[in-house]
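Descriptive structure summary
What follows is each chain in one-letter form.
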Amino acid sequence: MRDWIEYDATALAEAIRTGRMSPREAVVAAIARVEALEPDLRCLAQADFEAALASAETVDPSAPFAGVPILLKDYGVVQIGLRQTLGMRGLAHTRAATGDSRLGAKLKQAGFITLGTATCPELSLLSSTQPAAYGITANPWALSHTPGGSSGGSAAAVAGGYVPFAHGNDGGGSIRLPAGWTGLVGLKPSRGRIGSDDGVVDLTLTDFGLCRSVRDAAAIFNTLADAPAGAVFGAPARTPATSDRLRIGVVTSHPDHEVAAPCRAAVEEMAGALRTLGHTLVETGFEPFALNPIADAVSAVVIAQIRAKASWAEGQLGRRLAEDDVEPLTWLLLNAAPGPDAPAVMAAWSKIQAWARSALANWSKSFDLLLTPVTLEPAPSNEALAFNPAEPVGQALRTAAHCAFLQPFNLTGQPALALPARADGAITPVGVQLVALPGCEDQLLATGLQLEVAGALEIGRPSLVGLGA
Amino acid sequence: MSAREAVTAAIARAEALQDSVNAISIPTYDLARTIAETNLSGPFAGVPIVLKDQLVEQQGLPLHQSNVALKRIGAVSQRDTDFGRRLRELGFVTLGRSSAPEFGIQTTTQPKVNGRTANPWDLTRSVSGSSGGSAAAVAAGIVPIAHAADGGGSIRLPAAWTGLVGLKPSRGAISIAPEVVSLTAVEFVLTRTVRDSRALWLALRGDTEGDILRAPAPPSRTAERLRIGIVDSLTHAPATADCRDAVTSAAHLLEAMGHHIEVTGPQAYGETDWLRAAGIVAVTDFAGRFDSLAARLGRALTSEDMEPYAWSIFEAAHHRPTGEALLAALGEIQAWSIRMLTWWTDFDVLLTPVCFEPPASLDEMDAELVGVEALRTRVGLHCRYTQPFNFTGQPAISVPVGVTSDGLPIGVQMVGTPGGELVLLELAAELEAVLAWPERWPAVAEQHQ
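Residues numbered from 1 in each chain as written. Chains lettered and ligands numbered in written order. Predicted model: local features only at pLDDT ≥ 70, side-chain atom pairs only at ≥ 80, totals over all residues. Heavy atoms only, no water.

All right, on to the overall build of chain B then. Within chain B one finds 16 helices and 13 strands. Against the compact-globule benchmark of 22 Å for 449 residues, chain B has a radius of gyration of 20 Å, which places it among compact chains. A principal-axis box enclosing the C-alpha atoms of chain B has dimensions of 55 × 55 × 45 Å. Buried positions account for 60% of the 449 residues belonging to chain B. By sequence separation, contacts in chain B at least 24 residues apart represent 78% of the contacts at least 6 residues apart. For chain B, the accessible surface area stands at approximately 15800 Å², while carbon and sulfur atoms represent 52% of it. When the 36 positive and 50 negative side-chain charges of chain B are each reduced to one mean point, those points stand 3 Å apart. (Helix = DSSP H or I, 4+ residues; strand = E, 2+ residues; numbered from the N terminus. Rg over C-alpha atoms; globule rule 2.2 N^0.38 Å. Buried < 20%, exposed > 50% of the residue type's maximum accessible area, 1.4 Å probe, protein only. Contact = heavy atoms within 4.5 Å. Areas by Shrake-Rupley, 256 points an atom, 1.4 Å probe, with all protein chains shown as cover. Lys, Arg positive; Asp, Glu negative; His and termini not counted. Charge placed at Lys NZ, Arg CZ, Asp CG, Glu CD.)

Right, dumping it as structure tokens:
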């Protein structure tokens, strides 16, 4: 057997299919890794190893990922026996789910075996993962640093080698940001492609996950991508990838923020690799996607979504949320002002749509893909992003800046792919983002695969010196 | 025929039928004559059309929504919406606005600002609504095609009561405007023939990058022989014998053509629990529209600004749902919709009545005569068969299959899966080939040949 962390999901599924490894051996290997590293990484919200071992005995061997262990983010997906707690202290002891959500069932049908749930910041609000309910999740590349958020537990678990794939979702950057900070591949599909299915309709959130290779992202995307007929947000038709040379817009600066040198350098390096592959790279600005003109509308939508999730939590608890159920920032957000009323939310959707149409009006004339940094800066320390009572909304402001290159595409509904780049001079990885028009996930993945095959991606292994590994 | 001749003929007919049918509320004939003289291009260059006085906009064209306050200030559009621009690009010449109930919220077309629109098949009867003026204009032969919009049945109901073809496209299939986002409202046209609906569907479909609501790719059709389920009556709005018979005869025809027919439908179609969540969405929509009206007028609204029917809804919309209640209601509707759509994994098409009853009389649908409450109840019942598919986002078409003993048209509704308009249009074409409804004209139209 190869070293466990060498396997991506595709290789692991292949090893299991050809009998070189049993599903049980795969699950046992994953559990061993979790047990060795979890005291340092703290990325699990809940584990159920016995259930996983039992599933390993009954998994359908013909499923595409039969026996491949995974984790589910503690937000937006449900499988029997697991709790969905949204990183919220008040929900940490609620009862386990008695059914699978649509996506939960889909992951099971694909043959994946769930070891448990991965941590996220409370209500998935922040760019670091340090929920009071579960502790501070560490970045496997530098334990004092954050893996990012909100799918931070998922990212740390995949980068730390627990599992080759972990579910995540992205409402403002929550897959791409932690992928960037942990050296992983993170796909945010088009709006509606893989809907969350927990009873709240969310304009910005799309589910998928974090991977160790582009080929995994492509194969898993093909398995999970089917929007249910009847969803409020219908997914755009999937546009097949072209093998033509592409015109790619390159963004290295942001109209409202400074971009740190390693993040700019990563984009330039990747632009060079794409040019070598024969694509045409064009310098361009990020101005059409700056959110200032619609800041009020974005805030109305985001606050309504947070309040809707909080209402869902109250439904689980059977009572109103109390101050000690949630973290101070959440309490502040829920109580500082009345939320937007329903007509204000619809007006905000309309305003966002008008902005998105104008942002995309000239896209196809200008380029096929856009290349940007994932973040303005490499992963900060967990301490730098901790709650500070002197500046209670400081974390939220930092998060908004961290998502400056990411959140616009949750609002336009475009697919975007975070890829690991070379990060000279940073102790944690740095990512780049490729963005396509709605419906063009396949083009993103095809171009990502070209880079992967050409050896231009830096999917490294954290050394984890001194840890259980 | 030249464009000028076509437009002149249509205007002559519109004027001849204005007193009896009253289809057009805001004529813009001079503008139409001017446009007809320009160098028109496009597949429908020179074809006259009317636009419902709601949603669609063309620069320079009044938009009153049959509302007295907007009429008083002489509201005129300053721009084209996507739909309005596409109609221009296809070469259509707009003759004016067709009448509609105020704000498009009744199943009859007799707004105070414009009076009663009569059903060409029986001038004492209603054309339904809300795209009632458009239906009357096409049924009376003034124009072959008219713009229409449907947020609860407003294309299909008037099509059913006037003997036309009325397709409500899937949610998101055609951009409805640059910025309006509506879960339920879609725009399309009313036509006499299926081939016109089909041609317009192919010409108009398509969204714009950045649109929030999108229709999925068309379903891949595997068989010539379709699996069709029929529901001829719902317990919360029992259909009259006439309307049930129309469904049965359509089913027999389709069976004779080789399609597979079963008397069964989605359980979710007969449910009423989802209407509570739908009410939250509707109140949100109304509140937003009243906000826009107040902003347009630059002052708070009073009961003088609208009819008592709309005012009763305005007052109910004072209790604004919270944003989170709206998102939860959408979640509830989505879960119900997904459940509804599972029925379509085993079937291709659902066949139902469009409305529980054939055309009602104008008196029965007059709020001043029957009272606002009674009319609201009737309007609710009229939408029972159609409205579910505005919330699920499915395409549905009304085709004029039946006739009452008095010779009034009766429509049946065929419902497909999101993106599946062409399946419905093909079925409609098969029925049209047998029933030849485009050859039937109301007497009022024959008189003015």
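Moving on: the sheet that holds strand β11 (residues 430-435) of chain A. All names here are of chain A. The strand order across the open sheet formed by eleven strands is β1-β3-β2-β4-β6-β5-β10-β11-β9-β7-β8, and the pairing between neighbours is mixed. Looking at which strands have only one partner, the edges of the open sheet turn out to be β1 (44-47) and β8 (280-283). Here the average twist between neighbouring strands, direction ignored, is 25°. Across the face of the sheet, helix α3 (residues 49-58) comes into contact with β1 and β3 (113-118) while running at roughly 160° to β3. (Pairing = 2+ DSSP bridges. Axes fitted to C-alpha atoms, helices over the stretch in contact; angles between N-to-C directions.)

Any two packed helices are characterised by the angle at which their axes cross and by the distance between the axes. Residue and element names in this part refer to chain B. Helix α15 (residues 421-435) packs onto helix α7 (residues 194-204) with a crossing angle of 165° between their chain directions and a minimal axis gap of 9 Å. On the basis of their axis angle, the class for α7 and α15 is roughly antiparallel. Considering the relative orientation of α7 and α15, their crossing is left-handed. On the side of α7, the interface is formed by V194, R195, S197, R198, W201 and L202, while α15 contributes E421, L422, L425, A428, A429 and E432. (Parallel < 35°, antiparallel > 145°, perpendicular 65-115°, else oblique. Left-handed = near helix turned anticlockwise from the far one by under 90°.)

All names here are of chain B. Among the secondary structure elements, S128 is positioned in the loop between β5 (122-126) and α5 (132-139). Owing to a relative accessible area of 0%, S128 belongs among the buried residues under this scheme. If we ignore the near neighbours within four places in the chain, the residues touching S128 are T107, T108, T109, L157, P158 and W161.

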